[in-house]
Number of protein chains: 2
Amino acid sequence: MIMQRYYINKKNIFNSQIIINDSDYKHIVKVMRMKKKDKIICFDGEYTYLTEIIDITINEVILEILDKKIENNEIGIDVTIAHGLVRKEKQEEVVEKISTLGASKYVSVIMDYSNVKVSYDKIERKYERLRKIAKEASEQSHRQKVLDVLEIMSFDEFLNYRDFDLFLYASTNTSDDLGLKKIIQNFNQKKILILIGPEGGISIREESLLKKMGFLPVSFGKRILRTETAPTFFMSALIYEKEL
Amino acid sequence: MIMQRYYINKKNIFNSQIIINDSDYKHIVKVMRMKKKDKIICFDGEYTYLTEIIDITINEVILEILDKKIENNEIGIDVTIAHGLVRKEKQEEVVEKISTLGASKYVSVIMDYSNVKVSYDKIERKYERLRKIAKEASEQSHRQKVLDVLEIMSFDEFLNYRDFDLFLYASTNTSDDLGLKKIIQNFNQKKILILIGPEGGISIREESLLKKMGFLPVSFGKRILRTETAPTFFMSALIYEKEL
């Protein structure tokens with residue numbers, strides 16, 4: 001049986017103990033029905049802890065740290081997936097997949113062909129849900145870090161988001177493609193930003209702005225991929241090239 | 001606007017005309033609300049046809065072939081994804097994804113950790129639905145061929161399924177991994193079979209049988225992928241290596 005893993009905040013560590021008092025409390029006690037002496041893995045983005053349940057109160061699980069070590073299943077490249085705004089279900093799918101594949105950040109960008117309205121009144125709940133999906137995906141995939149879900153951006157804000165070493169966008173026009181393989185093989189820096197358009201793709205206006213800002217077009221093969229499949233393709237290709 | 005594409009059977013071609021009288025009839029007439037003179041792309045696994053609607057009867061759409069050419073967006077490698085039996089929603093997700101990524105065949109294999117019962121009374125309807133998903137994915141991704149959904153196999157039947165040039169299985173045990181990259185780079189033949197376990201993974205018993213039959217273990221990186229994500233990873237890696 002594989003041990004359950006929980007991402008915890010460093011502020012919940014007190015000397016040799018870890019206190020769980022958030023939604024993981026319910027998961028440990030009600031869903032997994034764990035008891036005193038059961039073992040749990042916790043991780044905080046830096047260390048991984050082997051722990052044992054020493055007490056369960058009405059709102060806390062108290063864990064004793066038995067062992068502490070540094071694990072590293074991260075890919076060592078900081079990938080931000082910027083995704084033309086699509087509907088919630090597709091965002092959730094992408095956040096889950098790219099989390100398990102080691103991405104660092106996800107951001108929705110309002111683009112010309114985004115056919116989804118932004119409902120700002122429900123937006124906090126939506127981020128909360130996406131962040132929960134990202135956290136659980138990290139736990140299940142044995143990552144040490146949790147994907148950061150950023151707040152939605154306009155296309156102009158996106159163009160001014162510049163703190164990266166490589167700027168890419170997924171292009172269906174293979175004629176001006178520089179070759180993803182060549183680009184990734186030659187990449188030895190740290191931070192990649194890639195934009196993947198919504199269902200309708202990237203408009204001519206947007207494409208010309210992207211090129212002006214130094215974004216390189218890359219193709220993912222001869223077939224047309226869905227907007228929710230393309231991020232998984234990119235992360236898989238990157239892992240294949242840099243980790244296998 | 002991108003033209004609609006429909007996969008057709010060669011038997012529906014009559015000299016310079018194509019007759020559509022199956023479920024695509026409804027799609028063309030009711031969903032897309034197309035009219036006389038509208039243009040449609042048809043493909044039959046060999047040729048791609050540019051056609052124009054010349055008549056719509058009560059149960060047929062009659063198309064005139066305007067142009068006929070050979071297109072090829074296939075990856076040129078015949079990939080069979082064998083997947084430990086998982087529940088329907090996950091099968092559908094995998095069939096959709098690997099279809100758009102160019103796979104040739106999909107087969108569910110009943111494995112030790114498959115926690116799904118096979119209900120043989122509903123199985124034909126299930127295949128029908130998976131085949132429909134495969135057909136639509138080919139149409140949308142601009143492939144020329146349609147993924148073949150095979151009938152479910154027992155693990156013993158699977159072990160005797162031998163008409164391939166390379167036999168792989170997804171392994172989470174990275175210590176005996178031979179390296180997917182090295183294997184794919186050296187592969188110059190035609191037909192690959194890869195087995196991906198169900199949620200619970202591949203049992204020790206199964207793994208030892210696989211090794212006896214010459215299957216090579218391959219890892220998809222340091223993180224644990226879900227059973228429904230692994231096939232997309234494999235197809236993406238293959239496309240990256242062989243097509244980009």
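Residues numbered from 1 in each chain as written. Chains lettered and ligands numbered in written order. Predicted model: local features only at pLDDT ≥ 70, side-chain atom pairs only at ≥ 80, totals over all residues. Heavy atoms only, no water.

Caption draft 1: Structural context of the side chain of B:Glu52. Residues and elements named next belong to chain B. Here Glu 52 shows up in strand β5 (residues 48-56). By relative accessible area, which is 19% here, Glu 52 ends up buried. Within the local environment of Glu 52, its side chain forms a polar contact with the side chain of Lys 39, the two groups lying 3.5 Å apart. If we skip the residues at most four places from it in the chain, Glu 52 touches Lys 37, Asp 38, Lys 39, Ile 62, Leu 63, Glu 64 and Leu 66. (Helix = DSSP H or I, 4+ residues; strand = E, 2+ residues; numbered from the N terminus. Buried < 20%, exposed > 50% of the residue type's maximum accessible area, 1.4 Å probe, protein only. Polar contact = N/O pair within 3.5 Å; in protein donor to acceptor, adjacent residues only side chain to side chain. Contact = heavy atoms within 4.5 Å.)

Caption draft 2: Structural view of the packing of helix α2 (residues 88-100) of chain B against helix α3 (residues 123-141) of chain B. Residues and elements named next belong to chain B. In the contact formed by α2 and α3, the axes pass within 8 Å of each other and the chain directions differ by 30°. As judged from the angle between their axes, α2 and α3 are roughly parallel. In this structure, α2 crosses over α3, and the sense of that crossing is right-handed. Across the interface between the two elements, Lys 88, Gln 91, Glu 92, Val 95, Glu 96, Ser 99 and Thr 100 from α2 touch Lys 126, Arg 129, Leu 130, Ile 133, Ala 134, Ala 137 and Ser 141 from α3. The residue makeup of the contact of α2 with α3, split by class, is five nonpolar, four polar and five charged. (Axes fitted to C-alpha atoms, helices over the stretch in contact; angles between N-to-C directions. Parallel < 35°, antiparallel > 145°, perpendicular 65-115°, else oblique. Left-handed = near helix turned anticlockwise from the far one by under 90°. Nonpolar A, V, L, I, M, F, W, Y, C, P; charged D, E, K, R; others polar.)

Caption draft 3: Up close: the sheet that holds strand β1 (residues 5-7) of chain A. All names here are of chain A. Spatially, β1-β4-β5-β6-β3-β2 is the arrangement adopted by the six strands of the open sheet, whose pairing is mixed. Two strands close off the open sheet at either side, each with one partner strand: β1 and β2 (13-14). Note that strand β4 (residues 39-43) and strand β5 (residues 48-56) share five bridges and pair antiparallel. The partner of Lys 39 across the bridge, within β5, is Glu 52. Contacting β1, β3 (17-20), β4, β5 and β6 (61-69), helix α1 (residues 23-31) runs over the sheet at an angle of about 170° to β1. Packed onto the sheet, helix α3 (residues 123-141) meets β1 and β4 and runs at close to 140° relative to β1. (Pairing = 2+ DSSP bridges.)

Caption draft 4: Quick peek at the nonpolar core. By size, the foremost hydrophobic cluster in this structure holds 80 residues, and its most contacted members are A:Phe234 and B:Phe234. Ignoring any residue separated from it by four or fewer positions in sequence, one finds A:Phe234 in contact with A:Val79, A:Ile81, A:Leu168, A:Leu180, A:Ile184, A:Ile192, A:Ile194 and A:Phe220. (Core = buried A, V, L, I, M, F, W, Y, C linked by side-chain atoms within 4.5 Å.)

Caption draft 5: Local environment of the sheet that holds strand β2 (residues 13-14) of chain B. All names here are of chain B. Pairing in this open sheet of six strands is mixed, and the strands run β1-β4-β5-β6-β3-β2 from one edge to the other. This sheet does not close on itself; its edge strands, each paired only once, are β1 (5-7) and β2. Judged from the four bridges that link them, strand β3 (residues 17-20) and strand β6 (residues 61-69) form a sheet pairing that is antiparallel. Bridge pairing in β6 links Gln 17 to Glu 64. Sheet strands in contact with helix α1 (residues 23-31) are β1, β3, β4 (39-43), β5 and β6, and its direction is about 170° off that of β1.

Caption draft 6: Geometry of the relation of the copies chain A and chain B. The operation relating chain A to chain B is a screw motion whose rotation component is 180°, with 0.0 Å of axial translation and a residual RMSD of 0.0 Å. Viewed as a symmetry operation, the transformation between the two copies matches a two-fold axis. Closest approach to the rotation axis within chain A is made by the C-alpha atom of A:Ala237, at a distance of 2.6 Å. In this assembly the copies share their binding face: 100% of the residues contributing to the interface of chain A also contribute to that of chain B. (Least-squares fit on C-alpha atoms with pLDDT ≥ 70 in both.)

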